[in-house]
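Fold and geometry: a report
The primary structure of each chain is shown beneath.
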Amino acid sequence: MPFRKMNQRIMNKRSGLRGSHPVLAVLLITAILFITTTITACERRQAPDPSPTSVTIAKASANMDWPMHGLTAGESRHSDLADINTDTVSELAVAWFTDIPSRSLRGVEATPIVVDGIMYVTGPWSVVMAIDARNGDTLWHYDPEVPGATARKACCDMVNRGVAVSDGKVISATLDGRLIALDKRSGELLWSTLTVDQTKSYTITGAPRIVGEYVVIGNGGSEYGVRGYVSAYDIDTGEQVWRFFTVPGNPEDGFENAAMAKAAETWTGQWWQYGGGGTAWDSMAYDADLDLLYVGVGNGSPWNQAVRSPQGGDNLFISSIVALRPKTGEYVWHFQTTPGDQWDYTATQHMILADIDIEGATRKVIMQAPKNGYFYVLDRETGEFISGQNFVPVNWSRGLDPKTGRPDIVAEAKYSLTGEAFLGMPSPGGGHNWQPMSYNSHTSLVYFSAMDMPYSYVALSPQNFRFNPSGWNTGEDPSQFPMPEDPQIRAQIRTMLKGKLLAWDPVKQQEAWSVPMGVPWNGGTLTTSGNLVFHGNGEGYFAAYRADNGEKVWEQYLSSGIVASPITYAIDDEQYVAIAVGWGGIMPLNLGEPMKSGVPPLVNRIVSFKLGGEAVLPIVEKPVPILEPPASTADALTIAKGRVTYHEACWMCHGDGAVNNGGVPNLRTSPVLGNADAFALFVLGGIAETNGMPNFAGELTEVDVENIRAYVINRAQVLKTDPALP
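Owing to the predicted nature of the structure, the values given are computational and were not obtained by experimental measurement.

Taken together, the four strands give an open sheet; going across it, the order is β12-β13-β14-β15, and neighbouring strands pair in antiparallel fashion. Every other strand in the sheet has two partners, leaving β12 (209–211) and β15 (240–245) as the edge strands with one partner each. The sheet shows a mean angle of 25 degrees between the axes of neighbouring strands, direction not considered. Where strand β13 (residues 214–217) meets strand β14 (residues 229–234), four bridges bridge the pair, whose relative direction is antiparallel. Across the sheet, residue I217 finds its bridge partner in β14, namely S231.

Let's shift gears to empty space enclosed by the protein. Scanning all chains against the criterion turns up six cavities of 30 Å³ or more. Considering only enclosed or pocket space, the largest cavity measures out at about 350 Å³ in volume. Along the lines of polarity and charge, the residues of the lining of the largest cavity split into 12 nonpolar, 11 polar and seven charged.

Taken in spatial order, the four strands line up as β22-β23-β24-β25 in an open sheet, and their pairing is antiparallel. Of all the strands in the sheet, the pair left with one neighbour each is β22 (351–358) and β25 (385–390). With strand direction ignored, the average angle separating the axes of adjacent strands in the sheet is 25 degrees. Of the strand pairs in this sheet, β22 and strand β23 (residues 361–368) are connected by eight bridges, and their pairing is antiparallel. Its bridge partner being in β23, M351 is matched across the sheet by Q368.

Another point: the environment of Y202. Residue placement: Y202 occurs in the loop between β11 (189–194) and β12. Put simply, Y202 and G424 are 222 residues apart on the chain and 28 Å apart in space, counted from C-alpha to C-alpha. If we skip the residues at most four places from it in the chain, Y202 touches K153, L175, V196, D197, N219, G220, V226, R227 and Y229. Polar side-chain contacts of Y202 include one of 2.6 Å to the backbone oxygen of R227.

On to the packing of aromatic side chains, then. Taken as a whole and assessed by the stated rule, the structure comprises 36 aromatic pairs. Pairing F391 with F448 gives two aromatic rings, centres 5.1 Å apart and planes at 90 degrees, and the pair type is edge-to-face. Highlighted residues: F391 in the loop between β25 and β26 (397–400) and F448 in strand β30 (residues 445–452), separated in sequence by 57 residues. In this structure F391 comes out as buried when scored by relative accessible area, which is 5%. When the centroid spacing of 5.5 Å and the interplanar angle of 50 degrees are considered together, the rings of Y646 and Y711 count as tilted. Taken together, the positions of Y646 in helix α7 (residues 636–649) and Y711 in helix α10 (residues 702–719) put the pair 65 residues apart, joining distant regions of the chain. Using a relative accessible area of 0% as the deciding quantity, one classes Y646 as buried. Y711 sits in the buried class, given a relative accessible area of 0%. Joined through ring pairs, the aromatic side chains of F335, W343, Y345, Y374, Y376, F385 and W396 make up one cluster.

If pLDDT is low for a region, its predicted coordinates should not be looked at in detail. Mean pLDDT over the chain works out to 89, with 90% of the residues at or above the 70 mark. The low-confidence segment residues 1–60 (pLDDT under 50) makes 212 contacts with residues lying over four places distant or belonging to another chain.

Bringing the packing of α7 against α10 into the picture now. Where α7 contacts α10, the two axes come as close as 7 Å, and the packing angle between them is 100 degrees. Classified by the interaxial angle, the pair formed by α7 and α10 is roughly perpendicular. Contacts from T638, I639, K641, G642, R643, T645, Y646 and H647 in α7 reach D704, N707, I708, A710, Y711, V712 and N714 in α10.

Okay, the environment of L423 next. Within the secondary structure, L423 is located in strand β28 (residues 422–424). Relative accessible area serves as the criterion here: at 29%, L423 is assigned to the partly exposed category. Remark: the alpha-carbon pair of L423 and G276, spanning 147 residues in sequence, is separated by 25 Å.

This part takes up unusual backbone geometry. Look at the link from L316 to F317: it is a cis peptide, with omega at 5 degrees. Relative to the assigned elements, F317 resides in the loop between α3 (305–308) and β20 (320–324). Of note, D116 is a non-glycine position whose phi angle comes to about 55 degrees, a positive value. Turning to its location among the elements, D116 is positioned in the loop between β4 (113–115) and β5 (118–122). At D573, a position not held by glycine, the phi torsion is positive, near 70 degrees. Relative to the assigned elements, D573 resides in the loop between β38 (567–571) and β39 (574–581). D573 sits in the partly exposed class, given a relative accessible area of 38%.

Where two cysteines share a covalent bond between their sulfur atoms, that bond is called a disulfide. Scanning all chains against the criterion turns up one disulfide. C653 forms no disulfide, and the closest cysteine sulfur to it belongs to C650, at a distance of 9.0 Å. The class of C653 is buried, set by a relative accessible area of 2%.

Glancing now at the pairing of strand β37 (residues 552–557). Here five bridges tie strand β36 (residues 541–546) to β37, and the two strands are oriented antiparallel to one another. The residue of β37 that forms the bridge with A543 is E555. Counted along the chain from β36 to the antiparallel partner β37, the turn is five residues long, and its residue G550 has a positive phi close to 85 degrees.

All right, on to the nonpolar core then. Core analysis: the largest hydrophobic core is formed by 72 residues, its most contacted members being Y294, W343, W396, W521 and Y646. For Y646, the contacting residues outside a window of four places in its chain are W651, H654, G655, G657, A658, L667, I708, Y711 and V712. If you look at the next biggest cluster of nonpolar residues, it comprises 54 residues, including L182, Y576, V577 and A580.

A word on the pairing of β15. Side-chain positions along a regular strand alternate between the two faces of the sheet. Note: β14 against β15, five bridges, orientation antiparallel. Considered in β15, the bridge of Y233 is made with Q240. Hairpin connection, β14 to β15: the antiparallel pair is bridged by five residues, and G238 has positive phi, about 80 degrees.

Turning next to the side chain of T174. Mapped onto the fold, T174 is located in the loop between β9 (169–173) and β10 (178–183). In terms of polar contacts, T174 uses its side chain to reach the side chain of D176, at 2.5 Å. The contact partners of T174, leaving out residues within four places of it in the chain, are S126, P144, V146, I180 and I204.

Following both chains from N to C, one finds helix α9 (residues 676–684) and α10 inclined at 115 degrees, their axes separated by 10 Å at the closest point. Crossing of α9 against α10: the hand is right-handed. In this structure, α9 contributes A676, F679, A680, V683 and L684 to the contact, and α10 contributes E702, V705, E706, I708 and R709. A breakdown of the residues in the contact of α9 with α10 according to their chemical character gives seven nonpolar, no polar and three charged.

Cut-off values and rules
Residues numbered from 1 in each chain as written. Predicted model: local features only at pLDDT ≥ 70, side-chain atom pairs only at ≥ 80, totals over all residues. Heavy atoms only, no water. Pairing = 2+ DSSP bridges. Helix = DSSP H or I, 4+ residues; strand = E, 2+ residues; numbered from the N terminus. Axes fitted to C-alpha atoms, helices over the stretch in contact; angles between N-to-C directions. 1 Å grid on protein atoms, 1.4 Å probe; cavity = no way out; pocket = protein on both sides within 12 Å on 5 of 7 lines; lining within 4 Å. Points joined across faces, edges and corners; volume = space filled by probe spheres on them. Nonpolar A, V, L, I, M, F, W, Y, C, P; charged D, E, K, R; others polar. Contact = heavy atoms within 4.5 Å. Polar contact = N/O pair within 3.5 Å; in protein donor to acceptor, adjacent residues only side chain to side chain. Phe/Tyr/Trp six-rings, centres within 6.5 Å; stacked < 30°, edge-to-face > 60°. Buried < 20%, exposed > 50% of the residue type's maximum accessible area, 1.4 Å probe, protein only. pLDDT = per-residue confidence, 0-100. Parallel < 35°, antiparallel > 145°, perpendicular 65-115°, else oblique. Disulfide = S-S within 2.5 Å. Core = buried A, V, L, I, M, F, W, Y, C linked by side-chain atoms within 4.5 Å. Left-handed = near helix turned anticlockwise from the far one by under 90°.

Encoded structure:
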């Protein structure tokens, strides 16, 4: 998410002008000006009293798959494979690599699935591939042909987090809301089910989960004013079996179940007019012994609680973990991490099930590190709070009640009620985002990417809020979207952004060790019985660390920033480690300048490693940028108007201040920037809609577009002397 301001001094530097067209734009028209990255060696920080665990290295079985999203239904992402270990990892080298075909280079967030020696993986625009996991040969490729205009509904890139495989079928979900089943051998479409109302701004980026005979999937779109839900479908036919809504609808229509009636008591006003949010866009886990399906639920819609629920309230079940019966969708229990959430502190982050010794007793727990910055350990049978502690700096809450886990929210943080700006920690990007964590039972540690980021929340008054069913609805002041363009203030903001690979002790609720990263936005983790943690970072390196103390023991550069999670598998007594590569997601797109040390998506590919691998991985060079932009001839008022309209219409994809480091074109180096007619053809003519650039005719005027162009030209002139910028 973009930063707004750091203090009143910054606020005074902002333009007071506001446009009236909050829409998204994706201009895929030119080469991207990429940065030359200087890799900074990571320094590890070890716990004051480390207790390394002795790991017995066992011979890998002849074949071991990665059959589920999190390896197991409990989503531990810990593998017993150990031929690749602290003693042998130095011999790890590329076994094979395969590029992911897609209409554009965008973020790659998928966890590959490996079943019977075949790897199934997704890429941008929901494409699906089957690959021979021994050698990287592509067996089949399926493109669901997601309409390019769908890009407008997607807040956070054209990403997909993977498939589920069962009963001879590969199940995948598409960005435009379809759930599809493909033949495992041929890739032939077996059935397709529409899971959303496509007249509304729903999307799907998450991986489906299979529980018994059912496929379970949620959706995204809270910022666009939708009502969240999770649904189960018959794996053989694609027919819907049940649906559980995560927030209540209009009381006049009646409630679907007792849980919704109870949840409605925690809302006020007419929230249903704005959708309510609570989309279940990513995490799930399943306990077969308890027969409980756990679903992570997202933020409210809009963020501004004074708009969606004027008299406050907890607003269940936003920002909650909800336990359901997987055969019926029946509600069992919930735990809300952020009551009345108005900071985009979703609880959709990865959840892990484990049995852990706590105070002399073995507890069946569920663990989560959601956006709000606290690490939670809950009893997964009852939802009882066991413990919680912040893993990054937090200022929206004084801490958690030791009995209930309810946060003690500071008065200043309730910005929608105070009417004052609140510089919050964490940001809407979270102390931890969607990137999966892993849990190693040998070290008893959880490993994940963490971020320290500030964000200034500035609410619109309810009287000034105008709901836009096809646009961005946070209930915040759009004139405050961009960061100030003062170079000194921007430099100060950059110093406040920090990322790290974190090893967390869930019993002691404290950091065991951490490794600082060059950018805040980095990948998920894998841990193994070889006493290793594998992790990719935004600077393009895939690395292995000792699981007990964080010492880096191996790394390789892969020509793109990495945000996905690695896997490991064994075929014919040989262990492999694989990672999907492709920098992208929300942060590189709209926080380009603070992310400038990240490596843009020069490639979208799968890379697999083994001991003694002999494949030669080519290094992809960054293209030579266009350095001389058109002359800036517009007057100051036109540029100021263009700045506001740009940050209402374009910033989500093309970046704050016309700086992005993701997979969309850098508008400052566009060859059509100097031609007003050509520029307007993309924005108002829809000539690139297939590639994700919607037609904004009827929403933006020709004057709006020319103002935007004037602003981008001005930024190009200002920034052309900084070659480090993307």
